[in-house]
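Structure at a glance
These are the residues of each chain, in order.
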Amino acid sequence: MERVRRIRSVISHHDSAERYSKDLGVEIFIGRAKFLSERSVIVNGRTLEFKRAVICTGGYPSLIPLPGLKELYDLGINPGDQPRPAVMTNETFFNLTTQPKHMVVVGAGVIGLELAQSLQRLGSSVTVFARSGKILPKEDEDMALLVQKQMEDDGVTFRLSVQKYISIELTGNVDEENGLPEMKITITENGSNTDLVCDALLIATGRRPNVTGMDLEKAKVKYDDKTGIIINDKFQTSNSRVFSAGDCCSQYKFTHAADFMARAVIRNALFFGKEKHSALLVPYATFTAPEIASVGLYGSDLDKKGIKYRVFEKHFKDNDRSICDSDTVGLIRYRVDAKSDKILGASIVGTGAGNMIGEVTLAMQSGTGLSQMASVIHPYPTKSEVLRQAGDLFNKTKLTPSSKKLLRGLIKAQR
């Protein structure tokens, strides 16, 4: 954790107030801003008038309605002489200074799995609770199961059929080695209550938008407590002078998505741009081992929309570099329009999936079809060759019986 904090301190400069003010010339006001009207805000007692404004207040981790949780969470983040229970979200997880012996993770989504596997590999025992019966519910189930199997091989325990979270409380015991207070969490599973003792609890059940405390009503900006600030396709709020970007207004809860939304807002607000929220093509990755990354539409999305499609897959077990590295788990899966080579979506599970999904995103953004992907030369041997090799599989489907007969005839004529 010391190394993690050291690296975070280096990276933090990129988003620091010092960099924006000294290096980029942005005037920074540190404080809680509130709207006074449709064209003004107040911060630290100073009123600022604006022609355009943008709300980028982000989101925050949500706690589940578990009796005793809020009290233990508050006790854990407040300073004091008593041992503080390790009840955490992703925002406080990296403040750990001692290693838990047994951590419980509530939530089997991206954040929960990434941190669960990390701590398990560092030597802690980790149990993951969820109610959905599966992990990574957005991803294709067979791909998610590859991640689950590896995590189970690492030692992570999954309990994915929790019916109800009953309570959590301190047992009164404190571990002599790490100084962490012991906790007992009670759940309902398979129709009966069961207890589990742990010395760390991570709540990873999603995020909520930051929309309160800004007097948005005075600016005539409409919002919803659950979905966030309401924007149109040009990133404008109900007050056309006020824009919004990031977790506080979008279903895309990713740093890179917020980045490109902010770029679009700058163009639209200041330079007569015509950027659209609906045009964003956002890839995303889960940084477990193996990684899993996706872009575009899933098969379930296409089925709901009634869009016909074909699937083309290339497995790493057939990739020379993967064989050389003894790292053959995973595959790439393209979802392609039924009548053309247009890529509608893709998913990759395996080592380096997060790095490879960018090439597929570029292809989709530029209108490059899967047939053309087959003509992109990749260095040999690399894992990324699967991106091209799946294109070869597509091109083979264009060899109809008639075209095969014609080709045979041309070859025969040249002998």
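Residues numbered from 1 in each chain as written. Predicted model: local features only at pLDDT ≥ 70, side-chain atom pairs only at ≥ 80, totals over all residues. Heavy atoms only, no water.

What follows covers the packing of aromatic side chains. Scanning all chains against the criterion turns up five aromatic pairs. Centroid distance Phe129 to Tyr165: 6.4 Å. Interplanar angle 45°. Geometry classified as tilted. Of this pair, Phe129 sits in strand β8 (residues 125-129) while Tyr165 is found in strand β10 (residues 162-174), placing the two residues 36 residues apart along the sequence. Overall, the relative accessible area of 0% leaves Phe129 in the buried class. Ring geometry for Phe312 and Phe394: centres 5.4 Å apart, planes at 70°, overall edge-to-face. You can see Phe312 sitting in strand β20 (residues 309-315) and its partner Phe394 sitting in helix α11 (residues 385-396), a full 82 residues away along the chain. Residues Phe312 and Phe394 agree in their burial class; the two are buried. The ring of Tyr20 carries Arg19 above its face, with NZ or CZ at 5.5 Å from the centroid. Over the aromatic face of Phe260 sits the side chain of Arg263, whose NZ or CZ is 4.7 Å from the ring centroid. (Phe/Tyr/Trp six-rings, centres within 6.5 Å; stacked < 30°, edge-to-face > 60°. Helix = DSSP H or I, 4+ residues; strand = E, 2+ residues; numbered from the N terminus. Buried < 20%, exposed > 50% of the residue type's maximum accessible area, 1.4 Å probe, protein only. Lys NZ or Arg CZ within 6 Å of the ring centre and 35° of its normal.)

Right, let's get into helix α4 (residues 110-121). Look at α4: 17 Å from first C-alpha to last across 12 residues, which is about the 16 Å you get at 1.5 Å a residue. Buried within α4 are the following residues: Gly112, Leu113, Glu114, Leu115, Ala116, Gln117, Leu119 and Gln120. Among the structural elements, β7 (102-106), β8, α5 (141-154), β9 (157-159), β13 (200-203) and β18 (284-286) are those in contact with the buried residues of α4. Following α4 by one or two positions, Gly123 adopts a phi angle in the positive range, close to 115°. (Expected span 1.5 Å × (residues − 1). Contact = heavy atoms within 4.5 Å.)

Another point: the sheet that holds strand β3 (residues 46-49). The sheet built from three strands is open, its strands ordered β1-β2-β3 with antiparallel pairing. Taken across any chain shown, the strands that pair with only one partner, and hence form the sheet edges, are β1 (33-37) and β3. Direction aside, neighbouring strands of the sheet carry axes that sit 30° apart on average. Note that strand β2 (residues 40-43) and β3 share four bridges and pair antiparallel. Bridge pairing in β3 places Ser40 opposite Glu49. (Pairing = 2+ DSSP bridges. Axes fitted to C-alpha atoms, helices over the stretch in contact; angles between N-to-C directions.)

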